[in-house]
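# Structural description and commentary
Chain by chain, the residues run as shown.
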Amino acid sequence: MTQERRAPAHVERALQSVDPEERRRAVGLVVAVPIEEAVPLLIRALGDDDWRVRKEATFAARELLPADELLSALVSVLDSRDIGLCNAAVDVLGAAGAGATPHLVAAMATLGPDGRKLAVEALGSSRDRAALGPLSAALHDADANVRQTAAESIASLSAVAPDEVEAVLLRLLDDPDPIVKLSALAGLDTLGAVLPWDRLAPLLDNATLRPLALGAVARAGHAGAPAVLARALGASSGRTFDAALAAFALVPLDPLPDAAVSALRPYEPAVSERLVRAAAMGDDDAVERRRTALLVAAALGAPAIIAVAVDALGHPDLGDAAQAALERLGTPAVDALVARLDSRCSGDADLDGDACAQCIEALAHIAEQHETSRPAVLAALRRAVRVRSPRVAAQALYALGALGDAEDLALAEAQFLASQTPAAHAAEAALAALAARHPAAARALWDAAETAAPHSARPAAVALGALAEVKQLGDGEPRALRFSFAGGRVRRGRHAPRRRVRARERWRRAGCGSACVRIGRRRT
């Protein structure tokens with residue numbers, strides 16, 4: 001008993017020390033003191049001048065929850081002029097959850113405006129569904145700060161009562177107080193709520209609400225949303241421009257609807273310049289912003305975005321958007337892509353494999369869409385086929401198989417014989433695809449195999465097989481045969497004779513059996 005009576009005095013002396021660290025350590029002793037003596041000690045520590053002591057006191061107080069003596073004392077200090085003490089009390093009351101709700105509701109009738117605001121804040125931190133009722137009542141408080149905090153606190157309960165909270169926040173969009181509206185809109189944004197389209201137009205007219213309202217426009221999924229966002233993007237700068245760009249990330253951008261592009265045109269060239277700057281910002285925390293800026297600037301055909309997009313190829317988060325932007329730009333991007341492909345593929349190591357692959361894919365797409373770019377693209381692909389990086393060479397071979405000319409059969413044949421996996425697989429696929437599109441050159445390839453070294457029978461057999469497939473399936477489906485005969489596998493090993501038998505059977509049915517038999521016999 002003597003030790004228990006002396007303990008509070010000992011702790012109290014330690015809490016009065018001039019050394020903050022000694023006071024902080026003393027707080028840990030308070031939890032061992034009887035509750036009626038611990039409460040005043042904790043209240044003193046919660047108002048300490050040193051933030052570390054206050055933080056330690058909030059931890060200690062939570063260990064004594066939900067003691068009514070502590071909760072009553074915490075509520076009673078909410079009218080204090082000591083800001084540190086009040087904030088610490090709100091922290092502990094919020095952590096008390098449902099246990100603090102009756103104490104806070106009872107105190108609302110006697111607290112002043114500042115105290116009521118803090119009580120409302122604590123209710124919002126309580127994660128207690130029952131707090132929604134008193135918070136809704138606080139929306140009618142005579143003090144504007146209390147009403148605004150009540151709106152924020154209601155929004156913070158969305159995790160425990162999402163449907164009820166959304167209904168209350170939707171009603172608050174009609175509140176005459178713009179700050180209450182802003183809090184409601186922020187809460188709806190957190191909920192990801194989809195607002196009716198007819199509720200959005202008035203929100204866009206308010207400069208304070210517009211940044212959050214733009215996100216609501218994007219979520220609405222209305223057909224007119226891209227054009228609305230485009231006008232906001234073109235007419236704004238600073239925070240509103242950033243909000244419009246973030247909202248654009250929520251609507252389809254590939255391709256950007258024509259209505260959105262038309263809405264942006266009147267703001268050129270200023271909007272393109274802002275988009276290029278946004279896309280080039282080297283901030284990894286703004287990846288979505290940069291992705292959106294790349295795609296929108298490309299839709300506008302901004303020439304300056306080409307260099308930014310080419311630099312972003314290979315980036316783990318931006319590479320695909322950069323590739324899509326370059327493909328959208330088309331022929332104007334070819335020279336920059338070719339230059340980057342040549343520079344990144346010049347070394348022996350596959351250090352820029354992702355960037356090279358995306359360069360090749362973008363070039364192939366552009367060449368398929370724009371015939372005038374084909375010569376430059378084919379020349380770049382032929383150079384890329386010869387690099388020492390198997391991965392890059394394979395990517396170039398696949399593209400060359402889809403785009404190449406008859407002369408590329410010889411290049412694919414050479415790579416088929418000389419390369420290792422995966423380039424050899426790609427060369428086999430390229431041989432089959434090229435042979436299907438250029439049958440005369442493919443026949444010349446197997447005719448040359450009659451007098452050439454025996455190893456040339458293998459690429460010739462691939463070409464023959466591709467022609468057989470074309471003859472069986474019809475000349476109208478050559479692109480579908482890109483991998484039909486090659487199958488992504490180099491024909492070698494113990495199953496090769498069985499494959500040659502199947503190939504000869506196909507060629508007998510196709511009426512070309514003798515040539516295949518001669519090649520098969522030589523290969524065997």
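What you are looking at is a predicted structure, and each value in this text was computed from that prediction instead of being measured. By convention here, each chain's residues receive numbers from 1 onward along its written sequence. Per-residue local features of the predicted model are confined to residues with pLDDT of at least 70, and side-chain atom pairs are confined, for both listing and counting, to 80 or more; whole-chain, interface and lining totals are unaffected and use all residues. Side-chain descriptors were evaluated using all non-hydrogen atoms of the structure, hydrogens and water having been removed beforehand.

### Let's talk about the overall build of the chain
Helical segments are the DSSP runs of H or I of at least four residues, strand segments are the runs of E of at least two, and each set is numbered from the N terminus. Tallying secondary structure elements over the chain gives 31 helices and zero strands in all. Only protein chains enter the accessibility calculation, which uses a 1.4 Å probe. A residue is then buried if its area is under 20% of the maximum for its type, exposed if over 50%, and partly exposed in between. Burial statistics for the chain: of 524 residues in total, 51% are counted as buried. Counting only contacts in the chain whose residues sit at least 6 apart along the sequence, the fraction spanning at least 24 positions is 64%. As presented, the chain carries roughly 24000 Å² of accessible surface, and 53% of it is formed by carbon and sulfur atoms. We call two residues in contact when some of their heavy atoms are within 4.5 Å. Here, Shrake-Rupley sampling with a 1.4 Å probe gives the accessible areas, and only protein chains in the shown set may cover a residue.

### Section: the nonpolar core
The nonpolar side chains of a soluble globular protein tend to be buried with one another. Residues Leu 233, Leu 275 and Leu 337 are the most contacted members of the largest nonpolar core, which totals 168 residues. With nine residues, helix α23 (residues 353-369) is the single largest residue contributor to this core. If we skip the residues at most four places from it in the chain, Leu 233 touches Phe 241, Ala 244, Leu 245, Phe 248, Leu 264, Val 271, Arg 274, Leu 275 and Val 296. Among buried residues, the Ala, Val, Leu, Ile, Met, Phe, Trp, Tyr and Cys ones that are joined through side-chain atoms within 4.5 Å form a nonpolar core.

### Overview of the packing of helix α24 (residues 374-385) against helix α25 (residues 390-403)
Relative to each other, α24 and α25 sit at 145°, their axes nearing to 8 Å. Classified by chirality, the crossing of α25 by α24 is left-handed. Residues Arg 374, Val 377, Leu 378, Leu 381, Arg 382, Ala 384 and Val 385 of α24 lie in contact with α25, whose contacting residues are Val 392, Ala 393, Ala 396, Leu 397, Ala 399, Leu 400 and Leu 403. Here the term charged refers only to Asp, Glu, Lys and Arg, the term nonpolar to Ala, Val, Leu, Ile, Met, Phe, Trp, Tyr, Cys and Pro, and the term polar to all other amino acids, Gly among them. The residue inventory of the contact of α24 with α25, partitioned by class, reads twelve nonpolar, no polar and two charged. To obtain an axis, a line is fitted to C-alpha atoms, over the contacting stretch when the element is a helix, and the angle between two such axes runs from 0 to 180 degrees between their N-to-C directions. Take the far helix as your reference; a near helix turned counterclockwise from it by less than a right angle gives a left-handed crossing, and one turned clockwise gives a right-handed crossing.

### Overview of a negative patch on the surface
On the surface, a cluster of negative charge is made up of Glu 36, Glu 37, Asp 68 and Glu 69. Of all the elements in the fold, those that place two or more residues in the negative patch are α3 (35-46) and α5 (68-76). Structurally, Glu 69 can be placed in helix α5. Judged by its relative accessible area of 44%, Glu 69 falls in the partly exposed class. Patches in this entry comprise residues that are over 30% relatively accessible and not in a salt bridge; like charges within 9 Å are linked, as are nonpolar side chains (Val, Leu, Ile, Met, Phe, Trp, Tyr) within 5 Å. Here a salt bridge means any side-chain nitrogen of Lys or Arg lying within 4 Å of a carboxyl oxygen belonging to Asp or Glu. Within this scheme the basic residues Lys and Arg register as positive and the acidic residues Asp and Glu register as negative, but His and the chain ends are omitted. By convention, the point assigned to a charge is CZ for Arg, NZ for Lys, CD for Glu and CG for Asp.

### So, the state of the cysteines
By disulfide we mean two sulfur atoms from cysteines, separated by a distance within 2.5 Å. Under the defined criterion, the tally for this structure stands at zero disulfides. A disulfide-free cysteine, Cys 359 has its sulfur positioned 6.4 Å from the sulfur of Cys 356, the nearest such atom.

### A few points about unusual backbone geometry
The omega angle of the peptide bond from Leu 65 to Pro 66 is 5°, so this bond is cis rather than trans. Note on placement: Pro 66 falls in the loop between α4 (51-63) and α5. Residues Glu 268 and Pro 269 are joined by a peptide bond in cis, for which omega reads 0°. Positive phi values are uncommon outside glycine, yet Arg 127 reaches one of about 60°. Position of Arg 127 among the secondary structure elements: in the loop between α8 (113-124) and α9 (132-138). Take Arg 127: its relative accessible area is 54%, and that puts it in the exposed class.

### Brief notes about helix α19 (residues 287-299)
Look at α19: 19 Å from first C-alpha to last across 13 residues, which is about the 18 Å you get at 1.5 Å a residue. Among the 13 residues that make up α19, ten are buried, leaving the element largely enclosed by the rest of the structure. Looking at the buried side of α19, the elements it contacts are α15 (225-235), α16 (238-248), α17 (258-264), α18 (270-280), α20 (305-312) and α21 (319-329). Helix span, expected: 1.5 Å multiplied by one less than the number of residues in the helix.

### Overview of the confidence of the model for the chain
pLDDT gives the predictor's per-residue confidence on a scale running from 0 to 100. Per-residue pLDDT for the chain has a mean of 81; in total, 81% of the residues score no lower than 70. Note on residues 470-524: pLDDT is under 50 here. Beyond four places in sequence and across chains, it has 75 contacts.

### Section: the environment of Leu 200
Examined against the element boundaries, Leu 200 turns out to sit in helix α13 (residues 197-204). Between the C-alpha atom of Leu 200 and that of Ala 216, which follows or precedes it by 16 residues, the distance is 7.5 Å.

### Looking at the side chain of Thr 240
Within the secondary structure, Thr 240 sits in helix α16. Residue classification places Thr 240 among the buried residues on the basis of a relative accessible area of 15%. Setting aside anything within four residues of it in sequence, one finds Thr 240 in contact with Arg 210, Pro 211 and Leu 214.

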